[in-house]
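Fold and geometry: a report
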Protein chains: 2
Amino acid sequence: MIGGVAEVESGETAGEDGGPSNGGPPGEKVRQRGPRRDAADNRDRVLDAAATAVRREGIAVPMATIAADAGVGVGTVYRHFPCREALLNALTHRSFELVLAAATRAAEANADAGEPGVEAVRRFLDRTVEHGGDLVMPMRGGPPALDERTVAVQSAVHAQLRALLQAGVRDGSIRADVTAGDLVIFGALLTERLPHVADWNTAARRVIDVYAAGLAPTAPPLRSTPVVPSPS
Amino acid sequence: MIGGVAEVESGETAGEDGGPSNGGPPGEKVRQRGPRRDAADNRDRVLDAAATAVRREGIAVPMATIAADAGVGVGTVYRHFPCREALLNALTHRSFELVLAAATRAAEANADAGEPGVEAVRRFLDRTVEHGGDLVMPMRGGPPALDERTVAVQSAVHAQLRALLQAGVRDGSIRADVTAGDLVIFGALLTERLPHVADWNTAARRVIDVYAAGLAPTAPPLRSTPVVPSPS
DNA sequence: GCTTAAACGGAAGATATCGTCCGCTTAAGT
DNA sequence: ACTTAAGCGGACGATATCTTCCGTTTAAGC
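As the structure is a prediction and not an experimental result, all values here were calculated from the model.

Of all residues adjacent to DNA strand D, which total 22 residues, the nearest are Tyr78 of chain A together with Arg36, Asn42, Gly75 and Thr76 of chain B. When atoms of DNA strand D within 4 Å of the protein are split into backbone and base, the sugar-phosphate part holds 66%. Residue Gly75 of chain B places a main-chain N or O atom 3.2 Å away from a base nitrogen belonging to DNA strand D. If you tally residues by element for the surface near DNA strand D, the top one is helix α3 (residues 74-80) of chain B, at five residues. When the residues that make up the surface near DNA strand D are grouped by side-chain class, the tally is eight nonpolar, six polar and eight charged.

In structure tokens, the structure reads:
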């Protein structure tokens, strides 16, 4: 359930300064060797443990718990992430990258197979449910301050989804008045398996299917009146 | 935005022991007078402040912050709620009562006006979005241990929604393969206004409309194949 | 195998938060 | 107006958690 995650963000840990193109000049000490293997492993382990722990105990889970779950000392956690917030940000970032990957794959598959656009959307949403546990978005009730890089990934997701929808509109399988933001909202739901809902996967798929059915241009038109505050 | 909340749960604070039917027998000291008015006010104010604070800062918001926001001392908070968890439970309880009220009203309106069942569902979901801010469900990442009374309200919600759906199936406006749990899942989404989604209300209504459209029995059938783990 | 710098672990100091306690205030009967 | 008990506030001792620091361990290059 955690296995295939690391590769998604491979390359971001090392290539931070545009390459080791240092002739050796003055004052500036740049990283000579890449990170040790055990260090890289530990970083991933911490991230995985944090994802699980946050899902289990919420965003306020103690760093010590995360460290213990990862099988490392607290010091190691702080070596990789300067502070709690940095760790949570990294978590969020990883989640968005997974979502981006799902959106991208859905778009590609769609382009290749020439199936209706709505199918690509459906596949994207399915993937989101599948990833479920790995998608930890500590934005809920926590530090909503997404860092720069994460915002970038987020935009990429939007762009990818926009493309997906447009393809669907073009081939006539999706109504024109749906936005990428709608899909993000919908997808965010799917990352939050409500603890008390039994049979989550099945139920989630049903919700997806109903939504997908509603995407058809032949379905009833959307209302135009605004949602009123409280018509008593 | 908080105004009409108190009455929903009026009566629960006082009538806890089945009525003041004490002839005066032995040892047992029962509450003689109801709660003072200022006390009741403060309880509500604390609850409101807690709802806002939790939404703003997350479930880990300090009790001191809640107290300050409510304009009372910490002591007062602890007078009304024995511990942090009790306060969060009360919050959850209140949320569910709001949802229950929305579901009940939707069902009644539907019975009276004789409109299609799917409209009642749509109205219910709309109400959920309207309440938005008041619906704080600290179940996410927090103490998921719902207390007995809250679970009862939750069941009532399910029952009401089940009735709503059945009516829709009967009048032919809703497909038969949707469950009350589906609506709960969907509704839960709507209580979580993602901070970064602009124009939330409009977007949420669009999502609702698409879902409602998908509820029509004429829409494409739901898939029967399970969501596969990862078809590479 | 040896050297070295990176990485590790966990104790400990600094903070933050909890929940209690108790003297003062106030609503509500008489 | 007076009495009384409920209610209030916020300082305070007890924890819980964060983050730093540094002696020890280990991967990687020679």
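Turning to the protein's contact with DNA strand C, a few remarks are in order. For DNA strand C, the set of nearby residues contains 21 residues, the closest of which are Arg36, Asn42, Gly75 and Thr76 of chain A together with Arg84 of chain B. At 3.1 Å from a sugar or linking oxygen of DNA strand C is found a side-chain nitrogen or oxygen belonging to Arg36 of chain B. Between DNA strand C and Met63 of chain B, the relevant distance is 2.8 Å, taken from a phosphate oxygen to a main-chain nitrogen or oxygen of the residue. Those elements that provide at least two residues to the surface near DNA strand C are α1 (37-57) and α3 (74-80) of chain A together with α1 (37-57) of chain B. Top contributing element to the surface near DNA strand C by residue count: α3 of chain A, with five residues. Considering only residue class, the surface near DNA strand C consists of seven nonpolar, six polar and eight charged.

We now examine the pattern of salt bridges. All names here are of chain A. Enumeration over the complete set of coordinates arrives at 20 salt bridges over all chains. With its nearest N and O atoms 3.2 Å apart, the salt bridge here joins Asp38 to Arg36. We note a salt bridge from Arg94 to Asp48, for which the minimum N-O separation is 2.9 Å. Of this pair, Arg94 sits in helix α4 (residues 84-113) while Asp48 sits in helix α1, placing them 46 residues apart in sequence. Arg94 gets classed as buried once you look at its relative accessible area, which sits at 4%. Each of Arg56, Glu57 and Asp69 takes part in a single network of salt bridges with overlapping partners.

Calculation rules
- Residues numbered from 1 in each chain as written.
- Chains lettered and ligands numbered in written order.
- Predicted model: local features only at pLDDT ≥ 70, side-chain atom pairs only at ≥ 80, totals over all residues.
- Heavy atoms only, no water.
- Near = heavy atom within 4 Å.
- Polar contact = N/O pair within 3.5 Å; in protein donor to acceptor, adjacent residues only side chain to side chain.
- Helix = DSSP H or I, 4+ residues; strand = E, 2+ residues; numbered from the N terminus.
- Nonpolar A, V, L, I, M, F, W, Y, C, P; charged D, E, K, R; others polar.
- Salt bridge = Lys/Arg side-chain N within 4 Å of Asp/Glu carboxyl O.
- Buried < 20%, exposed > 50% of the residue type's maximum accessible area, 1.4 Å probe, protein only.

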